[in-house]
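# Overview (structure and organization)
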Amino acid sequence: GAQTEIGSVATSYIPTTTAAVTRGADVISKTGVSSLIGQTEGTIYAEVDARNFASNGRVLAISDGTNNNRVTIFFFTSNRFRLLVTTGGSGQVAVNSSTYSAGIFKVAVAYAANDFAFYINGVQVNLTTSGNVPACSAVYLGTAEDGTTNPLNDRIRSVALYTTRLSNTELQALTT
């Protein structure tokens with residue numbers, strides 16, 4: 001059972017016999033956590049080691065289990081991050097970042113009624129002063145809000161949920 005690592009991050013051993021085996025994508029979701037998610041305001045944060053930028057690969061989302069009510073951060077086309085906020089099936093915020101090269105990214109979204117902020121690596125990507133906050137009861141990590149599609153295909157190093165909207169100064173510090 002000897003194993004060597006190509007990179008600096010340790011992987012887990014997959015026992016095989018004669019054929020190659022590929023591990024399935026890790027997908028994490030948890031429902032029934034509405035008390036841990038800010039319902040009228042909050043902040044979601046993730047640190048991502050992005051190497052692949054799989055188009056539509058989901059990083060982090062809070063949702064009611066549908067696309068109708070969600071706050072989600074995902075990879076968009078051309079090595080961009082995208083923030084989507086939807087309430088009752090109506091788009092509230094849709095923002096694309098600039099293009100990035102592979103690397104480690106600290107991304108955060110703060111939300112409150114008519115007050116949304118999106119930060120990446122200490123830089124404000126967008127500030128939106130209109131829009132409603134969706135009611136959410138589930139957290140999705142590395143998968144879409146329905147829990148079955150758009151796997152991230154990259155590495156998430158850390159995640160945090162805050163039940164309050166952090167200030168823009170706090171968002172800058174958190175993502176630096």
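All of the points below concern the structure found in this document. (Residues numbered from 1 in each chain as written. Predicted model: local features only at pLDDT ≥ 70, side-chain atom pairs only at ≥ 80, totals over all residues. Heavy atoms only, no water.)

## Things to note about the environment of Leu-152
Relative to the elements of secondary structure, Leu-152 occurs in the loop between strand S10 (138-141) and strand S11 (155-162). A relative accessible area of 3% means that Leu-152 is categorised as buried. The spacing of Leu-152 and Asn-114 is 38 residues in sequence and 29 Å in space, taken between C-alpha atoms. In this view, Leu-152 contacts Ala-54, Gly-57, Arg-58, Val-59, Phe-75 and Gly-142; residues no more than four positions away in its chain are not counted. (Helix = DSSP H or I, 4+ residues; strand = E, 2+ residues; numbered from the N terminus. Buried < 20%, exposed > 50% of the residue type's maximum accessible area, 1.4 Å probe, protein only. Contact = heavy atoms within 4.5 Å.)

## A few points about the packing of aromatic side chains
Throughout the structure, instances matching the rule amount to eight aromatic pairs. The interplanar angle of 75 degrees and the centroid separation of 6.3 Å between the aromatic rings of Phe-74 and Phe-76 together place this pair among those described as edge-to-face. Looking at Phe-74, the relative accessible area reads 3%, which means it is buried. Members of the aromatic cluster, joined through ring pairs, are Phe-53, Phe-75, Phe-81, Tyr-100 and Phe-105. When the ring centre of Phe-74 is taken as origin, the NZ or CZ atom of Arg-58, which lies over that ring, is 4.4 Å away. (Phe/Tyr/Trp six-rings, centres within 6.5 Å; stacked < 30°, edge-to-face > 60°. Lys NZ or Arg CZ within 6 Å of the ring centre and 35° of its normal.)

## Here we look at the sheet that holds strand S9 (residues 123-128)
Here five strands make up an open sheet; going across it, the order is S9-S8-S7-S2-S11 and the pairing antiparallel. Only two strands of the sheet have a single neighbouring strand rather than two, namely S9 and S11. The mean inter-strand angle of the sheet, taken between neighbouring strand axes irrespective of direction, is 10 degrees. Pairing analysis gives six bridges linking strand S7 (residues 103-112) to strand S8 (residues 115-120), with the strands arranged antiparallel. Looking across to S8, one finds that Ala-112 is bridged to Asp-115. (Pairing = 2+ DSSP bridges. Axes fitted to C-alpha atoms, helices over the stretch in contact; angles between N-to-C directions.)

## Re the side chain of Thr-87
Considering the arrangement of structural elements, one finds Thr-87 in strand S5 (residues 80-87). Apart from residues lying up to four places away in sequence, Thr-87 is in contact with Asn-68, Asn-69, Gln-92, Asn-132, Val-133 and Pro-134.

## Some remarks on the pattern of salt bridges
Taken as a whole and assessed by the stated rule, the structure comprises six salt bridges. Asp-49 is the salt-bridge partner of Arg-51, the closest N and O atoms lying 2.9 Å from each other. Under the relative-accessibility criterion, Arg-51 is labelled partly exposed at 43%. With a relative accessible area of 10%, Asp-49 lands in the buried category. Arg-70 is the partner of Glu-145 in a salt bridge, and the nearest nitrogen-oxygen pair spans 3.0 Å. Of this pair, Glu-145 sits in the loop between S10 and S11 while Arg-70 is found in strand S4 (residues 70-76), placing the two residues 75 residues apart along the sequence. The class for Arg-70 is buried, based on a relative accessible area of 11%. The network of salt bridges with common partners includes Arg-58, Arg-70 and Glu-145. (Salt bridge = Lys/Arg side-chain N within 4 Å of Asp/Glu carboxyl O.)

## With respect to the nonpolar core
Among the nonpolar cores identified, the biggest contains 30 residues, and Val-59, Ile-62, Phe-75, Phe-81 and Leu-83 are the most heavily contacted of them. Taken together, the elements giving at least two residues each to this core come down to strand S2 (41-50), strand S3 (58-63), S4, S5, strand S6 (90-96), S7, S8 and S10. Residues Tyr-45, Tyr-119, Leu-166 and Leu-171 belong to the second largest nonpolar core, which totals seven residues. (Core = buried A, V, L, I, M, F, W, Y, C linked by side-chain atoms within 4.5 Å.)

## Considerations on the pairing of S3
A large share of S3 lies buried, amounting to six of its six residues. Pairing geometry for S3 and S4, over five bridges, is antiparallel. Residue pairing in the sheet places Arg-58 in a bridge with Phe-74 of S4. Linking S3 to S4, which pair antiparallel, is a turn of six residues; within it Gly-65 sits at a positive phi near 95 degrees. Where S3 and S10 come together, four bridges link them in antiparallel fashion. Counterpart to Ala-61 in the pairing with S10 is Tyr-140.

Any functional reading would require information beyond the geometric quantities listed.
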